[in-house]
Amino acid sequence: MSALSLFLLLAWAQAGGEPAAAADPAASPSPSQGASAESPDTSAPAAEAGANPVAAAAGGALPVVQPTALLAEELANWQKWALLIGDPIRTVPVWWGPILSWVKIVSLAGLLGWVGAWVMASLRGRRRARVTIGGARPLDAALLLAILIGIGCVFVRQAQQSEQLPQVDVAGVALASLVGMLCLGVGAAWLETVLWSGILRERRIGDVLVLVGMHLALLVAVGIALSMPSGAMPYLGARLGFPPDATLLTPEGELTPSGVVAIVLIGVQMALTLMGFVVFLRIALLVLGEVSAIRPRRLYAMGKFSWVESFRKTRIPWAVLAIFLLILAFTHWFLQPPDSQRQAELSRLYVGTLMLLSSVLLTVMVAVLTPITLPNDIRFQTIFTVVTKPVRRLEIIWGRMLGFMGVVTALVLALGGISLLYLERNIGGRIEQLRQEIAEAREAGLDNQAGLLEAQLDQLQTRRSARLPVGGSLTFVDSLGEPRIKGIDVGQELEIRSFVEGATQAEASWLFGPMIPHPVDRLFPNRPGERYPMLSMPVPVGLLLHEGTIEDLANDIYTVAYERAELEARKQGAEPSELSRLNAEVSRLEEQEQGLLREYEALVARYSDLVQQAEAAGDAPEAARLREQAEALRSPDVPVQMTFTVYRTTKGRPGEPVYASIRVVHPFSAEAPMYPGSRENSPLLIDPLARRFGGNNPLIPELVHSDTFDVKEYYTNKWAFPASMLVGSQGYLTIQVQCLSPTQYLGMAEGDLFLVASQGSFLANYMKGLAGIWLQAMVLTAIGVWAGTFLSWPVALLITVFFFAAGEIFFPILNQLATGQMIGGGPFESMIRMVSHSNQMTELDATLGVILAKSLDAIVVPIMSLLIFVVPNFSAMDLSNLVADGFAIQWATLGANILLALSYAVPFSIAAYFILKNREVAA
Amino acid sequence: MNTLSIRSKQILYALLIVGIFALMIPYGQWLQREKQAKDLGEATIGQVDAGSFMLKLAMIGGARGVVANALWMQAQDLQRRQEWDLLKTKVDFITKLQPHFLSIWTFQGWNLAYNVSVEWDDPADKYTWIKNGINFLREGVENNPRSPDLVWDTAWTYYHKIGFADEAIILRQLFHEDQDEEFRTDPIDNRVYDDNFKVSRGWFEMAVDRADEFSRVATELEAPVEYVDPVENRKGRPGDLAFRTMPAHAQTRYAAALEKRSKVNVPAQFGEKARSEWGLAEQEWLKFGEYEFRSPNALRIQGELVAQPIVIGDILRPEVITNLKTDTQYWAQLLSEYEGKDIREVTLEEAERLTENKMAWTNRWADQNNFRYWIERCRAEMEPDGVRARQLFYEGYLAYLNADFPKAADLYQEGLDLWKTVLDRYPTYRDDDLNRKDTGQTVLRYREALLQAGRELPEDMPFADMMAEAELDPTLDPFDALDMLGPIGEADDSGSE
């Protein structure tokens, strides 16, 4: 561990800039790095210069060129793969990308654990040394010296960077760095000796194989690193955290000493990952053997034991329930119900609070319950009665987790049920009350008041549903009609929304579709470099067009027509035998199409018949019934919900709202092209029935549907368009919004406009939200049990609490640390800033204290940033905001969260298994 | 160590416990006395809030400061992210934790009423957030009834944020229609009013009362009330003249707003109602005029440095002051009583200096507050002819806006003639810039109406001299719906008849 971190920090000290952009597993290559790499002799500036005219032609804004795209030109295919697999932070945005990252991290953790365990075992079993220096073996003494000198080197490097010490270079590399590397070498030698001697002594063939495999991995990694073309170094260097102005290449394209360091760093990173894979393989084999021996009966027995223990011995679950009820009884003491004009907040307030309360209580319970039991068992030696039974160690761990999760499940259900009752009483009651108030206001003739209350009621009910939003991909057009990635920045502190100017050509345009290019690629289709991955944001036509309605039938006709068009396209250049088969198929489809068309016409006739009857019917209820029947034949209008903000540059007429126009454009229309930058307007899709109907298509009465509305800022503006707009769209659609009021601006972000695919049940959604809490509890249980396997209970409890606090509260800070975005330096430097009341931006004077603090930061930050790999991101599993805002939690989200939770819980439980196994062996 | 038996250990511990408890009794009594002496304790500082108490208990007292800080930072972050409702919830939570933390009440009350409300586009939403801010401040007042600052902030928000906003005509209308009677209640006379200026007058008066009370408490007690953040009181310091004019300003605003369409859907009111409100405004100004300020400078009289009382209202009767020039007796008595200085007699020369000083300060402060103008304005406006003239102007303007120019010209003419007879009695008001613009604008409209009606301009047009100035400044009155929106919904307007 120390050697690893020492190496990282030395690398950092050499790089001399921000800590290596080491750790964020999901970090995608950030565009700024490539753009700022200004080495004169690389192809990057050339490529960017090449990009400029294109960008200017396409509309001014410089498109970002991904560094990976440029890198791709330098590297052979196998090298790219090697980098992807070997570099711990490199990932790809495809489904297996996160899994690969996970394997890499678990491998590295496994490597650390394996090396640590063997070092301990080896040191414990060492025989008395023959030669000693001051009572220690020469190699141990050398290690101690190396560590001290290594730390000294960091200090010296810091002082040199602050220009307090002169720079001393040997062959172009700072002397201090060389000495540091020497120290690392000593560390590595020590590790080798200890590992070999320990493993050979124990004669464990598996581990000998692992050790050999690790050395092979090291060789492979060195080979790959050396094969990297020097032209790629600037980009690879940027990934390692080298400052943009570091010269890694000489003008002749040779590596500078810094370049050599970069190559070595790449080699080491890759070696560590590959060694990790070797250890991972070993662990996987061991665990698989153990898992195959697991029997559900024994798991159940262990689980039941934990369940009984929780309820009978500690009684914590009862306490949790009691506290929950107690707090609920007095919520009005703590929660200020929103002002009578802001009723919509009631639901968010209560749902948010109840979820938070459930989450806090459950996590506290888990944090207290899980780490206590195992250490107590060990302390009172009751564990012996368990382990002497024919039960496997993994069964002890997983069984315990199962039992605790049983308790958590029971509690989640109980708390959820109580919460729902409470919500029903409070919010349901409030809705009733509002309805009454509206009726009263209407009777009293207070139409203004009634209108306000109705808006509140509507918002409250919206929040208390489970809307399934379907979003599109947003691009802008500026006031001169040029396409833009973003609108105007009106100078708000956070640019959450970007704005379009009123009464100009400026507009925001949302594109929906199953396969649409990234906005950058849409606006700048000819830019150099690799394309971003395609986006899939289709309109769920199947959900929105109801089965058996006129529009559904029309859509079916188009489905057949598309199939036919595809077959006809295949006819070109087909073999004669194939041709006849295709012809037969086409005529079959044509017949089918005709049949559907007849059916369609019959349905439309029935519809107009019903409408006419309704008009003719004198009886009002009869007419309403007929109209209802007629409406049942049509799909309901497609609901659109929008939340925009308004920015006024003039006061306008007092009380007058800002107006906006909205246009829905069918993909057959040429008015909303896929590539707004290109001059010729071609439709997104070619109408396969265009020839049949000519310009007058009865299936799609209008290709463009537009309307105006007044913007109510921060409210959910609701609107709907006819379902016939979706017929034949294959999920493609464009929605454009413009601001109509001159001198005013309309602000929007991509998520501000969405189609509502369905209104699910709030109850089910709330339970799904609780599932998020359940997952949090599961991860925490795994951590608690893991900590309990090797620590006494107070320490285990603290560790569990630490993990929870770090994951829930400090995760953003860890993220900043790991990605090197910490403004104002690491913890020690920040401490100096806090004490001396200096702000985060000023450069601190290079006093001894500051250099010391920076050196300590240089040592601590790389270690702390490793925490981001192991600390679970608890807040990501928390879905309560979605529930509170009235959005449906989709199964995909829940599934992703389950995987996320498992990816933390499983490694922790496996680690617990190994610790428990070795601990009993050692005891 | 281990020689004691278990039993004797138990006895020892029991004794220790009893002993510590016994020690606590005198300490508790001392604490109680201290609390009373220094006017501390929940019940005296403000209302006792069960939720707040429980939260404080849960945070084990001291840690709540840290929690409040963290919450404040979160609140700011929410504001940046435009999560206004969550901001409000967070802020409410801080006040539960630290109800005697004055800064949070002052700052967040202002923040909600001013910064958050402005982010919302619909005036109804703006009104809701202003109301949120005011209610927040009022809750602060309930929790800290002794702080004049919070009362003043409440009053100011009622007065300024509703009454002087860009959308004041709509906001005031919303206030007029508000069903929440508690919100529209004057804290002094406990009556429900339909006008924010009228309600703010009560709050301003309360602020003045609290400031007087505060300075009394501050001098009587050893130390004033210890708030979490013992800020120096911002409002109601001895020399704060403007602070004491606010009740009068609010009442004057109310009376003036009555006589125009200052709420979108409420017609102007004249007659007895307007007269009596102008009368009340005059009374408020006279009340301000009676307040005894202390002169900021000191003169050396009989070897002692002495200040003297200044009463701004004396400026209405300058002879009262000038008569004092020779009244050495008066000065001797006053100075010996005023600050307890040992002054038996005053020479004539000293009396003259004292009188001049008094005159200088009275004059200066009266000018500073435009005191004479306000008094004369109230008196002019409360005259039956004054009110009648205003009504004629209003009706004339309506006719003018409805393009009935002959009628407008007639009404204006009648009004201006009346107005001239009134203003001739009040020269200060007549010659003041504000009036010159206001009346000048009326004359301009009169001229326009005459021209449109095809009539000649009369030779002796009243206030003709004010036209040139008014022409240079064509800005409309943002607080008059007729100016801002034109003749809207006048069908049901009784004032136009």
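Look a little higher up for the structure.
What comes next concerns the included structure. (Residues numbered from 1 in each chain as written. Chains lettered and ligands numbered in written order. Predicted model: local features only at pLDDT ≥ 70, side-chain atom pairs only at ≥ 80, totals over all residues. Heavy atoms only, no water.)

A few words now on the nonpolar core. The biggest cluster of nonpolar side chains holds 95 residues, and the ones touching the most others in it are A:V351, A:M365, A:L423 and A:Y766. Counting residues per element, this core draws most heavily on helix α17 (residues 393-443) of chain A, which supplies 19 residues. When sequence neighbours within four positions are dropped, the list of residues in contact with A:L423 reads A:Y350, A:V351, A:L354, A:G428, A:F762 and A:Y766. Ranked by size, the runner-up nonpolar core spans 60 residues in total, among them B:L71, B:V91, B:I94 and B:I170. (Core = buried A, V, L, I, M, F, W, Y, C linked by side-chain atoms within 4.5 Å. Buried < 20%, exposed > 50% of the residue type's maximum accessible area, 1.4 Å probe, protein only. Helix = DSSP H or I, 4+ residues; strand = E, 2+ residues; numbered from the N terminus. Contact = heavy atoms within 4.5 Å.)

Residue and element names in this part refer to chain B. One can find M461 in the loop between α20 (433-453) and α21 (467-472). Residue M461 is classed as buried on the basis of its relative accessible area, which comes to 10%. C-alpha of M461 to C-alpha of R447: the two residues are 14 residues apart in sequence and 9.2 Å apart in space. Every residue in contact with M461, bar those within four places of it in the chain, is listed here: V443, Y446 and M467.

Residue and element names in this part refer to chain A. Taken in spatial order, the three strands line up as β6-β15-β10 in an open sheet, and their pairing is antiparallel. Both edges of this open sheet fall to β6 (498-501) and β10 (645-648), since each of them pairs with a single strand only. Sheet twist, expressed as the mean angle between neighbouring strand axes with direction ignored, is 30°. Of the pairings in the sheet, the one linking β6 to strand β15 (residues 744-748) comprises four bridges and is antiparallel in character. Looking at β15, one finds that E501 is bridged to Y745. (Pairing = 2+ DSSP bridges. Axes fitted to C-alpha atoms, helices over the stretch in contact; angles between N-to-C directions.)

What follows covers helix α5 (residues 84-97) of chain B. Every α-helical turn comprises 3.6 residues, leaving residues that sit three or four positions apart pointing alike. All names here are of chain B. Across its 14 residues, α5 extends 20 Å between first and last C-alpha, which sits within 8% of the 20 Å expected from 1.5 Å per residue. Burial of α5 is extensive: 10 of the 14 residues sit out of reach of the surface. For α5, the set of buried residues is W84, D85, L87, K88, V91, D92, I94, T95, K96 and L97. (Expected span 1.5 Å × (residues − 1).)

Okay, the interface of chain A and chain B next. Opposite the 31 residues of chain A that make contact, chain B presents 37 residues. Across the chain A/chain B interface, buried area totals approximately 3,100 Å², and carbon plus sulfur atoms make up 54% of it. For the interface between chain A and chain B, the tally reads five salt bridges. Notably, a salt bridge pairs A:R348 with B:E83, separated by 3.4 Å at the nearest N-O pair. Counting the contacts that link chain A with chain B gives seven residue pairs in polar contact (both at pLDDT 80 or more). Classifying every residue of the side of chain A that touches chain B by side-chain character gives 13 nonpolar, seven polar and 11 charged. (Buried area = accessible area lost by both parts, 1.4 Å probe. Salt bridge = Lys/Arg side-chain N within 4 Å of Asp/Glu carboxyl O. Polar contact = N/O pair within 3.5 Å; in protein donor to acceptor, adjacent residues only side chain to side chain. Nonpolar A, V, L, I, M, F, W, Y, C, P; charged D, E, K, R; others polar.)

What the rule picks out here adds up to 70 salt bridges over all chains. Between B:D314 and B:R317 there is a salt bridge whose closest N-O contact spans 3.3 Å. Salt bridges linked by common partners bring A:R564, A:E568, A:E590, A:E593 and A:R692 together as one network.

The subject of this paragraph is the side chain of A:S909. Residues and elements named next belong to chain A. Secondary-structure assignment places S909 in helix α32 (residues 891-922). Among the polar contacts made by the side chain of S909, one reaches the side chain of W398 at a distance of 3.0 Å. Discounting chain neighbours no more than four positions away, the residues touching S909 are I397, W398 and M401.

In this section: a nonpolar patch on the surface. Residues and elements named next belong to chain A. Where nonpolar side chains cluster on the molecular surface, the patch consists of L145, I149, V168, V170, L175, L178 and V179 and spans about 500 Å² of accessible area. Sorting elements by how many residues they give to the nonpolar patch places helix α8 (residues 175-202) first, with three residues. As for its position among the elements, V179 is in helix α8. (Patch = residues over 30% accessible without salt bridge, like charges linked within 9 Å, V, L, I, M, F, W, Y side chains within 5 Å. Areas by Shrake-Rupley, 256 points an atom, 1.4 Å probe, with all protein chains shown as cover.)

Residues and elements named next belong to chain A. Among the eight residues that make up strand β11 (residues 658-665), six are buried, leaving the element largely enclosed by the rest of the structure. Pairing of β11 with strand β12 (residues 704-711) involves eight bridges; the strand directions are antiparallel. The residue of β12 that forms the bridge with I662 is D707. Of the pairings in the sheet, the one linking β11 to strand β14 (residues 733-739) comprises six bridges and is antiparallel in character. Looking at the pairing, V665 lines up with T734 of β14.

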